[in-house]
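This is what each chain is made of:
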Amino acid sequence: MVENWYTGIVTKIVDATHNTRRFWIKIPELERFDFKPGQFVTLDLPIHEKKNKRWRSYSIASHPDGSNEIELVIVLLEGGVGSTYLFNEIREGSELTLRGPLGVFVLPETLETEIFFICTGTGIAPFRAMSHYLNHHNIPHNGIHLIFGSRYEKDLLYAEEMRQLEQSFPGFHYIPTLSRQDDWSGRKGYVHHIYEEMLQDKRPANFYLCGWKNMIDEAKQRIQALGYDRKQIHLELYG
């Protein structure tokens, strides 16, 4: 199957943190952009002569709402050619070439166990989409735990939104944890300590991991050390 490339129009840009931006992109040639929460799009950026060196993929941070507009949340990477281009050259009204939706990092039809969403940084994007989708469609579940690790409170993406969702979405638990901020009254340390502490009883669970390779590699090892099977671990790797 050959995926179509589309021309997207950037309709809105908002600074989320000191080095992270939210980009809203509308695809005028489609009435609606259908995707499953957790999927991503690939942008073709004019940063290299070779196609495969121009492509950058980003998880869709918004949930499917029947419209032709999606949201991406992108971090400015030091030395990152793609993110530097997006931050320096793209404005509201700019055009971006994209294709998608792509990827199989999606939820099953039925959620038969507790779900642990474990992420750092912009890895929260697919879990934001999934959580809003589950809530919006009243999909039955057995508990959802979003464990989000950052260094400082200022780096927590969608924090107030996730707190509000926790209040309105039964069984959804938002657990931010900070590794470097002392004057923080919430959980401190890395994401791994939290799910290890919660799962001492080895109850049935499925795990969805999204973020940088080091975090995911460590989480895979620790989750299997708790006694869970590799088949219960699903991941989306950044970088």
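These figures come from a predicted structure and were not determined experimentally.

Scoring rules and cut-offs
- Residues numbered from 1 in each chain as written.
- Predicted model: local features only at pLDDT ≥ 70, side-chain atom pairs only at ≥ 80, totals over all residues.
- Heavy atoms only, no water.
- Helix = DSSP H or I, 4+ residues; strand = E, 2+ residues; numbered from the N terminus.
- Contact = heavy atoms within 4.5 Å.
- Axes fitted to C-alpha atoms, helices over the stretch in contact; angles between N-to-C directions.
- Parallel < 35°, antiparallel > 145°, perpendicular 65-115°, else oblique.
- Left-handed = near helix turned anticlockwise from the far one by under 90°.
- Nonpolar A, V, L, I, M, F, W, Y, C, P; charged D, E, K, R; others polar.
- Pairing = 2+ DSSP bridges.
- Salt bridge = Lys/Arg side-chain N within 4 Å of Asp/Glu carboxyl O.
- Buried < 20%, exposed > 50% of the residue type's maximum accessible area, 1.4 Å probe, protein only.
- Core = buried A, V, L, I, M, F, W, Y, C linked by side-chain atoms within 4.5 Å.
- Right-handed = clockwise from strand over helix to strand, strands pointing away.
- Phe/Tyr/Trp six-rings, centres within 6.5 Å; stacked < 30°, edge-to-face > 60°.

Engineer: Quick rundown of the environment of K26? Include the residues and the values.
Structural biologist: Positionally, K26 belongs in strand β2 (residues 20-26). Considered as a pair, K26 and I70 are 44 residues apart in the sequence and their alpha carbons are 6.5 Å apart. Apart from the residues lying within four places of it in its own chain, the contact partners of K26 are T7, G8, I9, T11, N68 and E69.

Engineer: Break down the packing of helix α2 (residues 125-136) against helix α3 (residues 159-168) for me, citing the residues and quoting the values.
Structural biologist: Between α2 and α3, whose axes approach to 11 Å, the crossing angle comes to 25°. Comparing their axes, α3 and α2 come out roughly parallel. Where α2 crosses over α3, the two elements pack in a sense that is left-handed. Of the residues in α3, those in contact with R128, S131, H132 and N135 of α2 are E161, M162, L165 and S168. In terms of residue class, the contact of α2 with α3 is built from two nonpolar, four polar and two charged.

Engineer: How would you explain the sheet that holds strand β9 (residues 172-178) if you had to name every residue and give the values?
Structural biologist: Here six strands make up an open sheet; going across it, the order is β10-β9-β8-β7-β11-β12 and the pairing parallel. Pairing within the sheet leaves two strands with one partner each, and these edge strands are β10 (187-188) and β12 (233-238). Pairing analysis gives two bridges linking β9 to β10, with the strands arranged parallel. Paired with L178 across the two strands is K188, which belongs to β10. Strands β7 (114-120), β8 (144-150), β9, β11 (205-212) and β12 of the sheet are contacted by α2, whose axis makes an angle of about 145° with β7.

Engineer: Describe the pattern of salt bridges, with residues and values.
Structural biologist: Considering all chains together, one arrives at 14 salt bridges under this definition. Between K154 and D155 there is a salt bridge whose closest N-O contact spans 3.6 Å. Among the salt bridges present, the one from E197 reaches R187, with a minimum N-O distance of 3.3 Å. Here E197 is found in helix α4 (residues 191-198), whereas its partner R187 is found in strand β10, with ten residues between them in sequence. Judged by its relative accessible area of 32%, R187 is partly exposed. A single network of salt bridges, built from pairs that share partners, joins R22, E71, R128 and E161.

Engineer: Could you give an account of the nonpolar core, naming the residues involved and the relevant values?
Structural biologist: Residues F117, I124, F127, L146, M162, F172 and Y174 are the most contacted members of the largest nonpolar core, which totals 30 residues. Top contributing element to this core by residue count: α2, with four residues. Not counting residues within four places of it along the chain, the set of residues in contact with M162 comprises I124, R128, H132, L146, F172 and Y174. By size, the runner-up hydrophobic cluster in this structure holds 20 residues, among which are V41, L43, I90 and L98.

Engineer: Break down the pairing of β12 for me, citing the residues and quoting the values.
Structural biologist: Relative to β12, β11 is paired through six bridges, and the arrangement is parallel. Residue W212 lies in a different strand from β12, and its bridge partner there is Y238. With helix α5 (residues 213-225) bridging β11 and its parallel neighbour β12, the resulting β-α-β unit is right-handed.

Engineer: Explain the packing of α4 against α5 residue by residue, including any values.
Structural biologist: Two quantities define a packed helix pair, namely the angle between the helix axes and the distance between the axes. One can describe the packing of α4 onto α5 by two numbers: an axis separation of 10 Å at closest approach and a directional angle of 20°. Here α4 lies roughly parallel to α5, going by the angle between them. For the pair α4 and α5, the sense of crossing is right-handed. For the pair α4 and α5, contact is made by V191, H192, H193, Y195 and E196 and by M215, E218, A219, R222 and I223, respectively. Here the residues of the contact of α4 with α5 are counted per class, giving five nonpolar, two polar and three charged.

Engineer: I'd like to hear about the packing of aromatic side chains, residue by residue, with values.
Structural biologist: Throughout the structure, instances matching the rule amount to ten aromatic pairs. Between the aromatic rings of F169 and F172, the centroid separation amounts to 5.7 Å while the plane-to-plane angle is 15°, which identifies the pairing as stacked. When its relative accessible area of 4% is taken as the criterion, F169 is described as buried. Summarising the aromatic geometry, the rings of F207 and Y228 are spaced 5.0 Å apart at their centres and angled 75° between planes, so their arrangement reads as edge-to-face. With F207 in strand β11 and Y228 in the loop between α5 and β12, this residue pair connects regions lying 21 residues apart in the sequence.

By themselves, these are just geometric observations and shouldn't be taken as functional.
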